[in-house]
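# Observations on the model geometry
Listed below, chain by chain, are the residues.
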Amino acid sequence: MASLSTPTIGVLALQGDVREHLVALAAADALARPVRRPEELAEVDGLVIPGGESTTMSKLAVVFGLLEPLRERVRAGMPVYGTCAGMIMLADKLLDGREDQETLGGIDMIVRRNAFGRQNESFEAAVDMAGIEGGPVEGVFIRAPWVESVGAAAEVVATYDGHTVAVRQGNVLATSFHPELTGDHRVHALFVDMVRAAR
């Protein structure tokens, strides 16, 4: 049984690299569970939105009746962490998105989809991230977005090659890259601490 200090954190399990996030969250001392339905969303203290295909994810969120409940929880202050497609989902505005593409919002930022190039241009790079001790994290960039600009409420927490690749606004964190694919769980540990602090 989980202790009171162990937060329950969901991973939006509509599409994308769900299992890797569940493993990383468990390694960072959270009770991790997949979320596919509004009633599952209601039971978690925080949520990770994984990488995947952002247009597919937004359509599936509508199909599963999750889009509005997700928006309400984000507006109400639930801690959320989005990687890659998850960053796109948390943007208030998108560039190069499809006209019918829905986002949840949550971070006052403009995000450009696939900004670092296509799948065959994927790469790994060391990224210095504010709030993470012990040196840079290894960022895995797969068809990754970058942040074109942020509003006054949002804080840039990492850049790579002159582009913003990690942003935080209050209880919401987003990275262009995939820390869940590296075996380094420090970014997930930071998010677990954010969830604990918000409870």
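The rules behind each value
Starting from 1, residues in each chain are numbered consecutively following that chain's sequence as written. Side-chain atom pairs in this predicted model are given and counted only at pLDDT of 80 or more, local residue features only at pLDDT of at least 70, and totals for whole chains, interfaces and linings cover all residues. Think of the side-chain values as coming from all heavy atoms in the structure, minus any hydrogens and water. Secondary structure counts use DSSP, requiring at least four H or I residues in a row for a helix and at least two E residues in a row for a strand, with both numbered from the N terminus. When we talk radius of gyration, it's over C-alpha atoms, and the globule rule is simply 2.2 Å times the number of residues to the 0.38. Only protein chains enter the accessibility calculation, which uses a 1.4 Å probe. A residue is then buried if its area is under 20% of the maximum for its type, exposed if over 50%, and partly exposed in between. Contacts are residue-level and defined by heavy atoms, with any inter-residue pair within 4.5 Å sufficient. Working definition of accessibility: Shrake-Rupley area with a 1.4 Å probe, residue cover restricted to the visible protein chains. The charge count treats Lys and Arg as positive and Asp and Glu as negative. His and the chain ends do not count. Charged side chains are reduced to one point each, which is NZ for Lys, CZ for Arg, CG for Asp and CD for Glu. Definition of nonpolar core: a set of buried residues of the types Ala, Val, Leu, Ile, Met, Phe, Trp, Tyr and Cys, connected through side-chain atoms within 4.5 Å. In this analysis a 1.4 Å probe is tested at points of a 1 Å grid over the protein atoms alone, and where it fits but cannot get out there is a cavity; an open set with protein on both sides within 12 Å along at least five of seven lines is a pocket; lining residues have an atom within 4 Å of a point. Grid points are joined across faces, edges and corners, and a volume is the space filled by probe spheres set on the points. Each residue is assigned to one class: nonpolar for Ala, Val, Leu, Ile, Met, Phe, Trp, Tyr, Cys and Pro, charged for Asp, Glu, Lys and Arg, and polar for all the others, Gly among them.

### Overview of the overall build of the protein chain
- Within the protein chain one finds 6 helices and 12 strands.
- Radius of gyration (C-alpha) of the protein chain: 15 Å, near the 16 Å computed for a compact globule of 199 residues.
- In terms of overall dimensions, the protein chain has C-alpha extents of about 45 × 40 × 35 Å along its principal axes.
- Looking at the protein chain residue by residue over its 199 residues, the buried ones come to 50%.
- Once local pairs closer than 6 in sequence are excluded, the contacts in the protein chain between residues at least 24 apart make up 66%.
- Carbon and sulfur atoms form 48% of the exposed surface of the protein chain, whose accessible area is close to 8,700 Å².
- Looking at the protein chain, you have 18 positive and 27 negative side-chain charges, and the mean spots of the two groups are 5 Å apart.

### Some remarks on the nonpolar core
- By size, the foremost hydrophobic cluster in this structure holds 32 residues, and its most contacted members are I9, L25, M129, F141, L173 and F191.
- Among the elements of the structure, β1 (8-12), α1 (18-27), β7 (123-127), β8 (137-141), β10 (155-160), β11 (163-169) and α6 (186-198) are those that each provide at least two residues to this core.
- If you tally residues by element for this core, the top one is α6, at 6 residues.
- Residues I49, L67, A85 and M87 belong to the second largest nonpolar core, which totals 30 residues.

### Comments concerning the environment of V192
- Residue position: V192 is located in helix α6.
- On the basis of relative accessible area, V192 is assigned to the buried category, the value being 0%.
- Considered as a pair, V192 and T6 are 186 residues apart in the sequence and their alpha carbons are 8.8 Å apart.
- Setting aside residues no more than four positions away along its own chain, V192 makes contact with P7, I9, L25, A28, D29 and A30.

### Comments concerning the layout of surface pockets
- Within this model, the largest pocket holds a volume of roughly 180 Å³.
- Lining the largest pocket are 14 residues, with G52, E53, C84, I142 and R143 positioned closest to its centre.
- Classifying every residue of the lining of the largest pocket gives 4 nonpolar, 6 polar and 4 charged.

### Some thoughts on the side chain of T55
- Mapping T55 onto the fold places it in helix α3 (residues 54-63).
- Under the relative-accessibility criterion, T55 is labelled buried at 9%.
- Ignoring anything within four residues of it in the chain, the contact list for T55 reads R98, Q101 and R113.

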